[in-house]
Amino acid sequence: MKAILIAALVAAGAAHAQTSWKLATGYRVESFHTQNILQFGRDVDTATRGGLLIQVYPNNTLAKLADISTAVQQGKAEAGETIMTSMVKEMPLAGADSIPFVVTSYKDAQRLWKLQRPGLEKHFSERGLKLLYAVPWPPQGLHSNKPVRGPTDFRGTQMRTYNQTTLRIAEMLGAKPVDVAMVDVGKALAEGRMDNMITSALTGVENKVWGPIKYYYEINAWFPKNAVFVSNKAFDALKPEARAAVLKAAAEAEVRGWQASQALAASATEELRANGVKIERISPELDQEIKRMGEKFSREWIRSVGNEANDIFVPYYMPQ
Ligand code: PCA
């Protein structure tokens, strides 16, 4: 297992780390999310003068993306990062950011996060976890190997999925859902295991999808977030100053991450274009159809969450 010792260089000359945390993530080290975590770790290292070392295990090496929260609960790692929707089965509230067409800008994504956070913190804490910060992926668009004109064009195609939302959308479109981890998208395309997917332009770029993927439609369907968290046990074992240092670095990581996400949203679409992917608009017919699906998905989600959904969406739609 390859861990990245983020503190080693920065802390040269510092006292031996007294505490070290393993932090598991399912994404590559090059991902802006992981780079942000590495900076978070360096900031913690500096602030604690080498007192807390955070070792990052990227790329599903310590636990698979969907198992990371459980791994941290079980103490296999002190900390972790996962996409919130990987936790919807046990924590439906975590799915608020993957309801299609509720949030279509970073400003609204930020508003939703402020409303979602208190309830989520409670749920994390009931599981012995402390939510440190969350950062969104750029908006989710539609990548396809063929032009997509109407909803029937998806029938029988192999649609890559990465969470409940994408799975449900594939089902509603009559496509065959294929579960492919973000890090395996390039391989799955090369092997002809997938025809289309809903994910960010950035994920397209990181997997160099051009070639098989010929079209990208900017539908801005949702802004899913990754959450970074630690076990309460590990956090509470820190001295008060170290705890404060972690929280401060986490707050900074959140701001930095949102800025990076937004900057990458624009540049990634241009990079797809530069590599020959056609950036097109979807037809009004398809637009209407997927929005209808979005509404259906919202109703299902609200039913599964119950009252807590209102705590988020009543103020979201009716800001004071
Ligand atoms: N990339 C990740 C999640 C959302 C995104 O933009 C993925 O495709 O798995």
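Our structure is the block above this text.
Right, let's walk through the structure included here.

Side note on the pattern of salt bridges
Part 1: Enumeration over the complete set of coordinates arrives at 13 salt bridges.
Part 2: For Glu254, the salt bridge identified is with Arg117, shortest N-O distance 3.2 Å. Highlighted residues: Glu254 in helix H9 (residues 240–274) and Arg117 in helix H4 (residues 106–126), separated in sequence by 137 residues.
Part 3: Judged by relative accessible area, Glu254 falls into the buried class, the value being 12%.
Part 4: Note that Lys122 and Glu308 form a salt bridge whose closest N and O atoms lie 4.0 Å from each other. With Lys122 in helix H4 and Glu308 in helix H11 (residues 307–317), this pair connects stretches of sequence that are 186 residues apart.

Side note on the packing of helix H2 (residues 32–47) against H9
Part 1: Two numbers describe how H2 lies on H9: the axes approach to 9 Å, and their chain directions differ by 155°. The orientation of H2 with respect to H9, classified from their angle, is roughly antiparallel. Two packed elements cross with a definite hand, and for H2 against H9 that hand is right-handed. Between H2 and H9, the residues in contact are Phe32, Asn36, Gln39, Phe40, Asp43, Val44 and Ala47 and Ala245, Val246, Ala249, Ala250, Glu252, Ala253, Arg256, Gly257, Ala260, Ser261 and Leu264, respectively.
Part 2: Within the contact of H2 with H9, the residues separate by chemical class into 11 nonpolar, four polar and three charged.

Focus on the site of the ligand
Part 1: The environment of the ligand is formed by Ile83, Trp137, Gln140, Arg160, Tyr162, Met182, Thr199, Ser200, Thr203 and Pro224.
Part 2: In this structure, Thr199 approaches the ligand through a side-chain N or O atom, which is 2.7 Å from an oxygen atom.
Part 3: Ser200 places a side-chain nitrogen or oxygen 2.6 Å from an oxygen atom of the ligand.
Part 4: Relative to its unbound accessible surface of 260 Å², the ligand loses 99% to contact with the protein.

Quick notes on H2
Part 1: Look at H2: 22 Å from first C-alpha to last across 16 residues, which is about the 22 Å you get at 1.5 Å a residue.
Part 2: Here H2 has its buried residues at Phe32, His33, Thr34, Asn36, Ile37, Leu38, Phe40, Gly41, Asp43, Val44 and Asp45.
Part 3: Residue Arg49 follows H2 closely and has a positive phi angle near 45°.

Observations regarding the nonpolar core
Part 1: In terms of nonpolar packing, the biggest core is built from 105 residues, with Trp21 and Phe40 touching the most fellow members.
Part 2: In terms of residue count, the dominant contributor to this core is H9 (nine residues).

Quick word on a nonpolar patch on the surface
Part 1: Judged by side-chain polarity, Val314, Tyr317 and Met318 come together as a nonpolar surface patch covering roughly 330 Å² of accessible area.
Part 2: For Met318, the location among the structural elements is in the segment after H11.

Observations regarding the pairing of strand E5 (residues 129–136)
Part 1: Among the eight residues in E5, seven count as buried, and that is most of the element.
Part 2: Strand direction decides the pairing type here: E5 and strand E11 (residues 225–231), joined by seven bridges, are antiparallel. Looking at the pairing, Tyr133 lines up with Val228 of E11.

Remarks on helix H5 (residues 164–173)
Part 1: Of the residues making up H5, those classed as buried are Thr165, Thr166, Ile169, Ala170, Met172 and Leu173. For H5, the angular spread of buried residues about the axis comes to 165°, placing them on one side.
Part 2: Of the residues flanking the start of H5, the one acting as N-cap is Asn163, its side-chain oxygen 3.1 Å from the backbone nitrogen of Thr165.
Part 3: Taken from the residues just after H5, Gly174 is the one with a positive phi, measuring 75°.

Some details on the packing of aromatic side chains
Part 1: Under the defined criterion, the tally for this structure stands at 10 aromatic pairs.
Part 2: Ring centres of Tyr27 and Trp137 lie 4.9 Å apart, and the angle between their planes is 65°; on these two criteria the pair is classed as edge-to-face. Of this pair, Tyr27 sits in the loop between strand E2 (19–25) and H2 while Trp137 sits in the loop between E5 and strand E6 (140–144), placing them 110 residues apart in sequence. Per residue, the accessibility class of Tyr27 equals that of Trp137, and both read buried.
Part 3: When the ring of Trp301 is compared with that of Phe313, the centres are 5.6 Å apart and the planes differ by 80°; the resulting orientation is edge-to-face. A residue pair is termed long-range when its members are at least 10 positions apart, and Trp301 in helix H10 (residues 284–305) and Phe313 in helix H11 qualify at 12 residues. With respect to burial, Trp301 and Phe313 carry one shared label: buried.
Part 4: These aromatic residues form a ring-pair network of at least three members: Trp301, Phe313, Tyr316 and Tyr317.
Part 5: The cationic tip of Lys130 hangs over the ring face of Phe235; the distance from NZ or CZ to the ring centre is 5.2 Å.
Part 6: Taking NZ or CZ as reference, Lys291 lies 5.3 Å from the ring centre of Phe101, over its face.

Let's talk about the sheet that holds strand E8 (residues 176–179)
The strands making up a sheet are joined through hydrogen bonds of the backbone, oriented either antiparallel or parallel.
Part 1: Read across the sheet, six strands follow the order E8-E7-E9-E6-E10-E12 without closing on themselves; strand pairing throughout is mixed. Whereas interior strands pair on both sides, the edge strands pair on one side only; in this sheet they are E8 and strand E12 (278–280). Neighbour to neighbour, the strand axes of the sheet diverge by 30° on average, direction disregarded.
Part 2: Two elements, E6 and strand E9 (residues 196–200), share five bridges in a ladder whose sense is antiparallel. Residue pairing in the sheet places Leu142 in a bridge with Ile198 of E9.
Part 3: Lying over the sheet, H5 contacts strand E7 (158–161), E8 and E9, oriented at roughly 160° with respect to E7.

Cut-offs applied
Residues numbered from 1 in each chain as written. Predicted model: local features only at pLDDT ≥ 70, side-chain atom pairs only at ≥ 80, totals over all residues. Heavy atoms only, no water. Salt bridge = Lys/Arg side-chain N within 4 Å of Asp/Glu carboxyl O. Helix = DSSP H or I, 4+ residues; strand = E, 2+ residues; numbered from the N terminus. Buried < 20%, exposed > 50% of the residue type's maximum accessible area, 1.4 Å probe, protein only. Axes fitted to C-alpha atoms, helices over the stretch in contact; angles between N-to-C directions. Parallel < 35°, antiparallel > 145°, perpendicular 65-115°, else oblique. Left-handed = near helix turned anticlockwise from the far one by under 90°. Contact = heavy atoms within 4.5 Å. Nonpolar A, V, L, I, M, F, W, Y, C, P; charged D, E, K, R; others polar. Near = heavy atom within 4 Å. Polar contact = N/O pair within 3.5 Å; in protein donor to acceptor, adjacent residues only side chain to side chain. Areas by Shrake-Rupley, 256 points an atom, 1.4 Å probe, with all protein chains shown as cover. Expected span 1.5 Å × (residues − 1). Core = buried A, V, L, I, M, F, W, Y, C linked by side-chain atoms within 4.5 Å. Patch = residues over 30% accessible without salt bridge, like charges linked within 9 Å, V, L, I, M, F, W, Y side chains within 5 Å. Pairing = 2+ DSSP bridges. Arc of directions from axis to C-beta. Phe/Tyr/Trp six-rings, centres within 6.5 Å; stacked < 30°, edge-to-face > 60°. Lys NZ or Arg CZ within 6 Å of the ring centre and 35° of its normal.

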